[in-house]
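# Survey of secondary and tertiary structure
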Amino acid sequence: MAVHKAAAAAEVFRSGTDMEDYLKEEYSYYEKEDNTFLVSFAADWENCKTKDAEYTLWITLGEAKQRMVGHFAVKQKNGEKDKIIYGKYCKHKFTETSYHFIWDKKTTKEMTKFAGWTLNGNIAWVGYTQGLNVLMNMFCGTAVNAARGIAFTVQQKIIDFCNNFQVAVDPQITKTYSVEEYDKMHNLIIMSSKFSFYLMLVLSLPIFVEIDEILRLWLKIVPEHTANFVRLILCCSVIDIFRNPMNTSIHATGDIKVFQIWEATTLLLIVPLAYLALKLGYPAESVFVVQLIVFIIVQAERIFIVCPRIKMKKILYVRRLLLPSVKVLFTALIVPASLIIVWPIQPDNYIQLLTYLVLIAISTSSVVYFVGLAQNEKEKVKLIVKNKIGRK
C-alpha cells in the first residue's frame, strides 16, 4: 500500500503542483498527527538542490501518510474488538449487566433533555477549537498553525497527567450529592480543584520558564511563535483546571440547562473576538490572550451558577480555593524570577536547563506545601508519604 501511495505522490510531483499549495492541502491531516514531521519536511524541501531530491521527498511524504493511515486503522479495529470482548465478559460474569428494553416516558424525556444540553456544551467546545484553527489558517498561514499544534501537544501531555487525578474523584462527587452529603461533596470539589491546580503549577512552571530551550532541544527547527503559544496555552490550562470538578457537580444535579447556555455561549465568543483581534492587525498570540480572558469569565460564571445549585456558599469556594491558589501562584514565581536575574538563560546550556527545571520544580513544590496547604492537609500528605515509604 505504501508503494501505491508513493506512486501517487510521485504523480502529483510530475504534474507540477506547487509545493506550498500541496502542503496547505495536506496540513489539516498532519496537524493532528505529526507536526514535527511536517516542519522537518518543509525544511528539507527548502534545502533541495536538485529535482531528484525533490522527487525523493514527495515519495517520503506519501509513504509517511500511508503509514499513519494504516496505524490509525489498526487502532480503530482494536478498539472495536476490545469493546466486544468487554461486553461479552461482563454479560457472562455479572448478572446485573444484563438488560431488556423498556419504555419509560418520563425517564426518556429527562435523559433526552440532559443529553441535549450536554451536546450543546460539546458543540460549543468543538466550535471554538475548530473555529480558531480556521482563523489561524486564514490570517497566519499553515506555519503558525503548525506552531499551535506543537503547543497543544505539550499542553495535552501535562493535562493528561492531571486528569488522571481528577478521574478518581469524579464518581465520589456524584455519589455524595446523590446521598445529600453536601459538606463532603464541597470538600471533594475544593480539594480536587486545589491539588489539580498545584500539580499543574509544579509541572507547567518549569516548562513555562525554559520552553525556548526545550523546544530547541526537541525540534531543532522551531516554528515562529511556538514558545509564546506554549506559554499562553499553559496559562489557559491553569485556569481551565478548575473546570472539571464544577462541571461534574452540576451534572450530578441534572439541572444543567442554564449552566450550559451560559458556558457554551461565552466559549463561542472566543471565535468572533479572536477574529476581531486578528482583523485589527494584532499578532497571532492575541488569539490565546482572548481565550485566556474568556476562560476566566467562564470560570466566574461557573461559580455563580453552580454553587447555589449544590448548596455551596460562593465565599467558601473563594476563601478555601481561589485565594490560596493565587497566593501560591505569586509566591512560586519568586524563585524563577530570581534565577533569571542572577543567572540569565543562555542558549544551548543544557546544565543550566536541567538546573532550572529541577530548582523550579522543587521550589514550587515547597511553596505548595508550606503556603498552599492547611495544617490538616499537611498531615494527610505526611501520612501518604509515610505509607508509600513503608510499603517499600
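### Concerning the packing of aromatic side chains
Applying the stated criterion to the full structure yields ten aromatic pairs. Between F197 and F242, the ring centres sit 5.3 Å apart and the planes meet at 15°, which makes this aromatic pair stacked. With a gap of 45 residues between them, F197 in helix α7 (residues 182-219) and F242 in the loop between α8 (226-240) and α9 (243-253) connect regions that are remote in the sequence. What links up through ring pairs into an aromatic cluster is the set F195, F197, Y198 and F242. Here the guanidinium or amino end of R231 rests over the ring plane of F208, the centre of that ring lying 5.8 Å away. Directly above the aromatic system of Y369 lies the positively charged group of K378, at a separation of 5.7 Å from the ring centroid.

### Quick notes on the packing of α7 against helix α15 (residues 350-372)
Contact geometry of α7 with α15 gives a least axis separation of 10 Å together with a crossing angle of 165°. Classified by the angle their axes make, α7 and α15 are roughly antiparallel. Of the two possible hands of crossing, α7 and α15 adopt the one that is right-handed. Residues K194, Y198, L201, V202, L205, P206, V209, E210, E213, I214 and L217 of α7 lie in contact with α15, whose contacting residues are Y350, Q352, L353, Y356, L357, I360, A361, T364, S365, V368 and G372. Residue composition of the contact of α7 with α15, by class: 15 nonpolar, four polar and three charged.

### Section: the packing of α9 against helix α10 (residues 257-268)
Their axes nearest at 10 Å, the elements α9 and α10 cross at an angle of 150°. Here α9 and α10 pass one another in a crossing that is left-handed. The segment α9 lies against α10, with R243, N247, I250 and H251 engaging F259, Q260 and E263. Across the contact of α9 with α10, the residue classes tally to two nonpolar, three polar and two charged.

### Looking at α8
The end-to-end C-alpha distance of α8 is 21 Å, a good match for the 21 Å that 15 residues give at a rise of 1.5 Å each. Taking burial as the measure, the 15 residues of α8 include twelve buried ones, the bulk of the element. Within α8 the residues assigned to the buried category are T226, A227, F229, V230, R231, L232, I233, L234, C236, S237, V238 and D240. Each element contacted by the buried residues of α8 is listed here: α5 (105-139), α6 (142-178), α7, α9 and α12 (286-309).

### So, the nonpolar core
In this structure, F229, I270 and Y317 are the most contacted members of the largest nonpolar core, which totals 73 residues. Looking at this core element by element, the count peaks at 15 residues for α7. Excluding its chain neighbours within four sequence positions, the residues that come into contact with F229 are M136, V144, A147, R148, A151, A284, E285 and F288.

The rules behind these values
- Residues numbered from 1 in each chain as written.
- Predicted model: local features only at pLDDT ≥ 70, side-chain atom pairs only at ≥ 80, totals over all residues.
- Heavy atoms only, no water.
- Phe/Tyr/Trp six-rings, centres within 6.5 Å; stacked < 30°, edge-to-face > 60°.
- Helix = DSSP H or I, 4+ residues; strand = E, 2+ residues; numbered from the N terminus.
- Lys NZ or Arg CZ within 6 Å of the ring centre and 35° of its normal.
- Axes fitted to C-alpha atoms, helices over the stretch in contact; angles between N-to-C directions.
- Parallel < 35°, antiparallel > 145°, perpendicular 65-115°, else oblique.
- Left-handed = near helix turned anticlockwise from the far one by under 90°.
- Contact = heavy atoms within 4.5 Å.
- Nonpolar A, V, L, I, M, F, W, Y, C, P; charged D, E, K, R; others polar.
- Expected span 1.5 Å × (residues − 1).
- Buried < 20%, exposed > 50% of the residue type's maximum accessible area, 1.4 Å probe, protein only.
- Core = buried A, V, L, I, M, F, W, Y, C linked by side-chain atoms within 4.5 Å.

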